[in-house]
Amino acid sequence: MFLLLCWPVFPYHNHVEKLDPALIRRGRMDKHIELSYCCFEAFKVLAKNYLDIDSHNLFPSIERLLGETNMTPADVAENLMPKSITDDPETACLEDLIQAIETAKEEARVKAKKEAKEKEEEEERMKKEKEAKEKEEEAA
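If you're wondering where the values come from, they're calculated on a predicted model, not measured in any experiment.

A. Spatial organisation of the pattern of salt bridges. By the definition in use, this model includes ten salt bridges. Across the pair Arg 109 and Glu 106 runs a salt bridge, and its minimum N-O distance is 2.6 Å. Taken together, the positions of Arg 109 and Glu 106, both in helix H5 (residues 89-139) and three residues apart, correspond to about one turn of that helix. The class for Arg 109 is partly exposed, based on a relative accessible area of 45%. Salt bridges here are not isolated pairs; linked through shared partners, they connect Lys 48, Asp 52 and Asp 54.

So this is what it looks like as C-alpha cells:
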C-alpha cells in the first residue's frame, strides 16, 4: 500500500517578470497574490486591532514616514505589540514604530547608495574590459 501526499507549491518571487513563462502559464499557477508594503490605511487597521485606537497625535508622523519608506505589515504589527507594561502602551508602541520606520528608511538609503556605487564600479569595469578588447583587436 502506498500513501501519496500532495503538497501545494507556493513559488515566491519579487519579480514575476523574471519567472519562466512556462512556470506561470494558465493551469500552472492558479493564484497570483501580491503582498504590498504597509500604507497608512493598513496601519490604521493594525493600530485599531493591536492597540484599540483610532487616532493619536503620532499618526501624522507615521503617515509621513510610511509614505517615504517600504515596510511590511508584519514589521509594522511587530512594533505595535507592547513589549512591557507602561502607563501609556499606545504611545510607547507608536514611538517604537516611528523609530523602526526611521531605521528602515536609513537602511534603505544606505543600501541604495551601496548598490549605486557597485553599479558604477561594474560599469567602469565593463568599460575598461571593452577598451582592452578593442586594443587587442586593433593590435591583431
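Picking up after the structure, the text goes on.
B. Representation of a negative patch on the surface. A contiguous patch of negative charge, built from Glu 120, Glu 121, Glu 123, Glu 124, Glu 131, Glu 134, Glu 136, Glu 137 and Glu 138, is present on the exposed surface. Within the secondary structure, Glu 120 sits in helix H5.

C. Highlighting the packing of aromatic side chains. Scanning the entire structure with this criterion turns up three aromatic pairs. Measuring from centroid to centroid gives 6.0 Å for Phe 40 and Phe 59, while their planes differ by 85 degrees, and the two rings are edge-to-face. Placement of the pair is Phe 40 in helix H2 (residues 40-51) and Phe 59 in helix H3 (residues 59-68), with a sequence separation of 19 residues. Residue Phe 40 shares its accessibility class with Phe 59, and that shared class is buried. Between Phe 43 and Phe 59, the ring centres sit 5.0 Å apart and the planes meet at 70 degrees, which makes this aromatic pair edge-to-face. Separated by 16 residues along the polypeptide, Phe 43 in helix H2 and Phe 59 in helix H3 bring together distant segments of the chain. On the basis of relative accessible area, Phe 43 is assigned to the buried category, the value being 0%. Ring-pair connections join several aromatic residues into one group, and the members of that group are Phe 40, Phe 43 and Phe 59.

D. Fine view of the nonpolar core. Core analysis: the biggest nonpolar cluster contains 23 residues, and Phe 43, Ile 62, Val 76, Leu 80, Leu 94 and Leu 97 have the highest contact counts within it. Every element with two or more residues in this core is listed here: H2, H3, helix H4 (73-79) and H5. By residue number, the principal contributor to this core is H5, which donates seven residues.

Calculation rules
Sequence order as written defines the numbering, with residues in each chain counted from 1. It should be noted that, the model being predicted, local features are given only for residues of pLDDT at least 70 and side-chain atom pairs only at 80 or more, the latter also being counted only at that level, while totals for whole chains, interfaces and linings use all residues. Think of the side-chain values as coming from all heavy atoms in the structure, minus any hydrogens and water. Whenever a carboxyl oxygen of Asp or Glu lies within 4 Å of a side-chain nitrogen of Lys or Arg, that contact is scored as a salt bridge. Only DSSP runs of H or I with at least four residues qualify as helices, and only runs of E with at least two residues qualify as strands; both kinds are numbered from the N terminus onward. Remark: exposure states derive from per-residue accessible area (1.4 Å probe, protein chains only) relative to the maximum for the residue type, with buried under 20%, exposed over 50%, and partly exposed in between. The patch calculation keeps residues exceeding 30% relative accessible area without a salt bridge and links them within 9 Å when they carry like charges or within 5 Å when they are nonpolar (Val, Leu, Ile, Met, Phe, Trp, Tyr). Each accessible area is a Shrake-Rupley estimate made with a 1.4 Å probe; only the visible protein chains count as cover when residues are assessed. We count Lys and Arg on the positive side and Asp and Glu on the negative side, and we leave His and both chain ends out. Positions of charges follow a simple convention, taking NZ of Lys, CZ of Arg, CG of Asp or CD of Glu. Centres within 6.5 Å are what make two rings of Phe, Tyr or Trp a pair, Trp counting through its six-membered ring; a difference in plane orientation under 30 degrees is then read as stacked, over 60 as edge-to-face, and the rest as tilted. Remark: nonpolar core denotes a set of buried residues (Ala, Val, Leu, Ile, Met, Phe, Trp, Tyr, Cys) joined through side-chain atoms within 4.5 Å.

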